[in-house]
Amino acid sequence: MSDLAGNPYASIVELSKAYRNKSVSPSEVTKAQLARIDDLDTKLGSYQTIYSDEALAVAKVADEAFTKDSRLGPFHGIPFALKDIYELKGQITTCGSYEMRQRISTETGTVVRRLLEAGGIAIGKTKTVECALGGWGTNEHMGTPWNPWDLKYPRVPGGSSSGSGVAVASGLSSCATGSDTGGSVRLPAAYCGLTGLKVSKACLPTDGIMPLSQTLDTPGPITRNMADLALMFSVMKGIDGRKIEIDMMNGHGLFNIQMNIFKGLKFGIIDQKERSRCTDDILKSYDATVNLLVELGAELEVFTSPIAYDDMAQFNGAITMYEGYRNHRHLYDDPNKSVDQNVKKRMLVGRNITPEKHADHLSKRQDHQLIFKNEMADFDALVTPTIIDPAPKLDEIDEDFTPGYFTRPFNYIDMSALALPTAYSSNDLPTSLQIIVPAGQEDYVIQMGTALESALALNKQPNLTP
């Protein structure tokens, strides 16, 4: 086995370049990843289903394609995991529900099809909060993945894309899909020390992905670094593999590290009220990172939201629970169904919201989007912490409280937001910065994140040695 195949934290860009020069094969990488899952996932519990035979068969086909110089592009031969709300025709998609554990998908959605047509190897489905409604990452019946940054005490992995976050952070998958309705890509990315992109609503199609809230749902990539995020996002967006390859090999487009990108930009930072929500570890990391942005040429100014973040988070929750309940009421109205009681409690909030009240929420959202856009007109981006404290222990959380204080508002307003790992806390847990830009500026926020990641120069992985 080559050194790269045996490195569980090899980036997908590194793997892609190694495939190109034939120094490692997709079969070697896939076998090593499956072996690591066998070794570690009994403890970590990140996967719902493993596609061992199918993945090895696809990897062998990729090997043969590479020997014939029939490479499809830079994602060809890359193992990836799917959050278990993404449909894959002929495979079980449980949506994190015990009641749907035998449910066979009859379709493959556009985003998954793009990843597969680019030559990606689906290695399995990762665990999720039941019906994707929850920010902590817990699942009463199907199991809660173990955050790999603390092997002694179980800590929240972040939800609802909990298994995707844990699998990528642990080197059990090269990258993974998530979905974000109120923070479900960014929260697991933040708690697990990863990069995660929440796209604006019009950016990526949601067909073939279990709906929670049709108004708010967005798919997104979860990766270990910004170059990988740029590559996976480009494939999910449907960009031609040859174009991605040219940009990647030449350091162009999303793969161009522009260290001068921050010069002259104006960033909105959180005010004292928002700071009071955060723990000292989060504030220390946040302040150090925004000071670094100043060193890179950015200008900072306090941004006080014209609509309180708390209020936007609550409005986001109301829209989610109204639509979520109507999508999944067959599970939660039936007392004989085995459902997660914490999710049921949230979901049934939607039962008491009338259609008229929901219409009012949607109308108010449009007004708030315009107000927020006008207030932000003088800023190039906002920067907030992604989470208010590093991953708490599972036995210390309040399931009635959402950890999405800084994430939910930007689903509500419909902006693009990137979660990027920053320093580590006093007990060695990841912290995270959120960079927020207007809808449609996903490429721009990726370029910002790439430059900031380079300046931060972090290179730390969880210690999974028993």
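This structure is a prediction, so every number in the text was calculated from the model and none was measured.

*Asks:* An account of the nonpolar core is requested, with residue identities and associated values reported.
*Replies:* In this structure, F75, F262 and F372 are the most contacted members of the largest nonpolar core, which totals 113 residues. In this structure F262 touches F267, L293, L296, G297, A298, M448, A451 and L452, once residues within four positions along its chain are discounted.

*Asks:* Before we move on, could you go through the pairing of strand β4 (residues 176-180) and cite the residues and values that matter?
*Replies:* Residues in a regular strand point their side chains to alternate faces of the sheet. Burial of β4 is extensive: five of the five residues sit out of reach of the surface. Along β4, one buried face is formed by A176, G178 and D180 and the opposite face, lined by T177 and S179, is buried too.

*Asks:* So what's going on with the packing of helix α11 (residues 309-332) against helix α13 (residues 355-375)? Which residues, and what values?
*Replies:* Running from N to C, α11 and α13 point in directions that differ by 140°, and their axes come no closer than 10 Å. By the angle between their axes, α11 is oblique relative to α13. Crossing of α11 over α13 shows left-handed handedness. Contacts from Y309, M312, F315, A318, I319, Y322 and E323 in α11 reach P355, H358, H361, L362, K364, R365, H368 and F372 in α13.

*Asks:* Any details on the packing of aromatic side chains? Residues and values, ideally.
*Replies:* The description of an aromatic ring pair uses the distance of the two centres, along with the angle that the planes make with each other. Going through the model one piece at a time under the given rule, you end up with 13 aromatic pairs. Here W149 and Y424 contribute two aromatic rings whose centre-to-centre distance is 5.4 Å and whose plane-to-plane angle is 35°, an arrangement assigned as tilted. With W149 in the loop between β3 (121-126) and α5 (162-169) and Y424 in strand β10 (residues 415-424), this residue pair connects regions lying 275 residues apart in the sequence. We classify W149 as buried; its relative accessible area is 12%. Y424 sits in the partly exposed class, given a relative accessible area of 22%.

*Asks:* Explain empty space enclosed by the protein to me, using residue names and the numbers behind them.
*Replies:* Within this structure, the stated rule accounts for one cavity of 30 Å³ or more. In this structure, the largest cavity encloses a volume near 40 Å³. Lining the largest cavity, in full, are I282, S285, Y286, T289, P385, T422, T431, S432 and L433. Listed by contribution, the elements that provide at least two residues to the lining of the largest cavity are α10 (280-295) and β11 (430-438). By residue number, the principal contributor to the lining of the largest cavity is α10, which donates four residues. For the lining of the largest cavity, the residue count by class is four nonpolar, five polar and no charged.

*Asks:* Tell me about unusual backbone geometry, and name the residues and values.
*Replies:* The omega torsion across G159 and S160 is 10°, close enough to zero to call that bond cis. Even without being glycine, C131 reaches a positive phi, approximately 55°. Of note, C131 is situated in the loop between β3 and α5. On the accessibility criterion, C131 (0% relative accessible area) is buried.

Thresholds, definitions, all that
Residue numbers here run from 1 along each chain, matching the order of that chain's written sequence. Whole-chain, interface and lining totals are the exception, using all residues; otherwise, since this is a predicted model, local features are given only for residues with pLDDT of at least 70 and side-chain atom pairs are given and counted only at 80 or more. Side-chain metrics in this entry use all non-hydrogen atoms of the structure; hydrogen atoms and water are not considered. We define a nonpolar core as any set of buried Ala, Val, Leu, Ile, Met, Phe, Trp, Tyr and Cys residues linked to one another through side-chain atoms lying within 4.5 Å. Accessibility here uses a 1.4 Å probe with only protein chains present; expressed as a share of the type maximum, an area under 20% marks a residue as buried, one over 50% as exposed, and anything in between as partly exposed. Should any heavy atoms of two residues lie within 4.5 Å, those residues are considered in contact. Secondary structure elements are defined from DSSP: runs of H or I of at least 4 residues count as helices, runs of E of at least 2 residues count as strands, and each element is numbered from the N terminus. Axis lines are fitted to C-alpha atoms, over the contacting stretch for helices. Their N-to-C directions set the angle, which ranges from 0 to 180 degrees. Each angle receives one of four descriptions, namely roughly parallel if under 35 degrees, roughly antiparallel if over 145, roughly perpendicular if within 65 to 115, and oblique otherwise. Should the near helix be turned anticlockwise from the far one by less than a right angle, the crossing is termed left-handed; should it be turned clockwise, right-handed. The criterion for an aromatic pair is that two Phe, Tyr or Trp rings (for Trp, the six-membered ring) have centres within 6.5 Å, with stacked assigned to planes under 30 degrees apart, edge-to-face to planes over 60 apart and tilted to the rest. Grid points spaced at 1 Å and placed over the protein atoms alone form the basis of the search, with a cavity being a set where a 1.4 Å probe fits but cannot get out and a pocket an open set showing protein on both sides within 12 Å along at least five of seven lines. Lining residues have an atom within 4 Å of a point. Grid points are joined across faces, edges and corners, and a volume is the space filled by probe spheres set on the points. For this classification, the nonpolar set comprises Ala, Val, Leu, Ile, Met, Phe, Trp, Tyr, Cys and Pro, the charged set comprises Asp, Glu, Lys and Arg, and every other residue, Gly included, is treated as polar.

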